[in-house]
Amino acid sequence: MPSIDDVTNAPDELSDDRADELLEEADLVQDMMGEVCPYPQVEAKKGLQGLESGDLLVQETDHVPCTENVPRAVGDDADAQVWRSGDAVYRIYLRKR
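Residues numbered from 1 in each chain as written. Predicted model: local features only at pLDDT ≥ 70, side-chain atom pairs only at ≥ 80, totals over all residues. Heavy atoms only, no water.

Colleague: I'd love a proper account of the sheet that holds strand β4 (residues 78–84), names of residues and values included.
Modeller: One open sheet holds the five strands; their spatial order is β1-β4-β5-β3-β2, and the pairing between them is mixed. With partners counted over all chains shown, the strands left at the sheet margins are β1 (12–13) and β2 (28–31), one partner each. Pairing geometry for β4 and strand β5 (residues 90–96), over seven bridges, is antiparallel. Residue pairing across strands places Gln81 opposite Tyr93, the latter belonging to β5. Contacting β3 (56–61), β4 and β5, helix α3 (residues 66–74) runs over the sheet at an angle of about 15 degrees to β5. (Pairing = 2+ DSSP bridges. Helix = DSSP H or I, 4+ residues; strand = E, 2+ residues; numbered from the N terminus. Contact = heavy atoms within 4.5 Å. Axes fitted to C-alpha atoms, helices over the stretch in contact; angles between N-to-C directions.)

Colleague: Describe in detail the pattern of salt bridges, supporting the description with residues and values.
Modeller: This structure, assessed with the given rule, holds nine salt bridges. Arg91 is the partner of Glu60 in a salt bridge, and the nearest nitrogen-oxygen pair spans 3.2 Å. A residue pair is termed long-range when its members are at least 10 positions apart, and Glu60 in strand β3 and Arg91 in strand β5 qualify at 31 residues. The partly exposed category is assigned to Glu60, whose relative accessible area is 23%. Among the residues examined, Arg91 registers a relative accessible area of 9% and is labelled buried. The salt bridge involving Arg97 is made with Asp79; its shortest N-O contact spans 2.5 Å. Highlighted residues: Arg97 in the segment after β5 and Asp79 in strand β4, separated in sequence by 18 residues. (Salt bridge = Lys/Arg side-chain N within 4 Å of Asp/Glu carboxyl O. Buried < 20%, exposed > 50% of the residue type's maximum accessible area, 1.4 Å probe, protein only.)

Colleague: For the nonpolar core, give the residues involved together with the corresponding values.
Modeller: By size, the foremost hydrophobic cluster in this structure holds 10 residues: Ala44, Leu48, Leu51, Leu57, Cys66, Val70, Val74, Ala78, Ile92 and Leu94. Sorting elements by how many residues they give to this core places α3 first, with three residues. When residues no more than four places from it in sequence are discounted, the contact partners of Leu51 are Asp27, Leu28, Leu56, Leu57 and Lys96. In terms of nonpolar packing, the next biggest core, distinct from the first, is built from eight residues, Leu22, Ala26, Val58 and Tyr93 among them. (Core = buried A, V, L, I, M, F, W, Y, C linked by side-chain atoms within 4.5 Å.)

Colleague: Explain the packing of helix α2 (residues 39–49) against α3 to me, and be specific about the residues and the numbers.
Modeller: Contact geometry for α2 and α3: axes closest at 9 Å, N-to-C directions at 45 degrees. Here α2 is positioned oblique relative to α3, judged by the angle of their axes. Once α2 is placed against α3, the crossing between them reads as right-handed. Of the residues in α3, those in contact with Pro40, Gln41, Ala44, Lys45 and Leu48 of α2 are Cys66, Asn69, Val70, Ala73 and Val74. (Parallel < 35°, antiparallel > 145°, perpendicular 65-115°, else oblique. Left-handed = near helix turned anticlockwise from the far one by under 90°.)

Colleague: Hey, could you go over the environment of Arg95 for me, with residue numbers and the actual values?
Modeller: Along the chain, the position of Arg95 falls in strand β5. Of the residues examined, Arg95 reaches a relative accessible area of 26% and is grouped as partly exposed. Remark: the alpha-carbon pair of Arg95 and Ala26, spanning 69 residues in sequence, is separated by 9.3 Å. Not counting the four nearest positions on each side in its chain, Arg95 is found in contact with Leu22, Glu25, Gly54, Asp55, Leu56, Asp77, Ala78 and Asp79. Separated by 2.9 Å, the side chain of Arg95 and the backbone oxygen of Gly54 make a polar contact. (Polar contact = N/O pair within 3.5 Å; in protein donor to acceptor, adjacent residues only side chain to side chain.)

Everything listed is a geometric property; what it means functionally is a separate question.
As structure tokens, this is what we get:
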């Protein structure tokens, strides 16, 4: 039986502990709770423009499609990972290249 991973193109998921560690070291955190696409993609691209290579941008969202759409929108500008809380809260971690 196929799983959701067979039909989506989501970034690697982070453990709870690693997600918390990375949140502490984030250079920029964007609160996208309640926002829907394409606004989070636009804000991620703008946020990355102001960061240096190696810096970390974190977006917090409750909109599941953002976990795929934001990493796709930033393309080769950042490496993406995702954390899922289990309570409909997600974080997208974007490390600028």
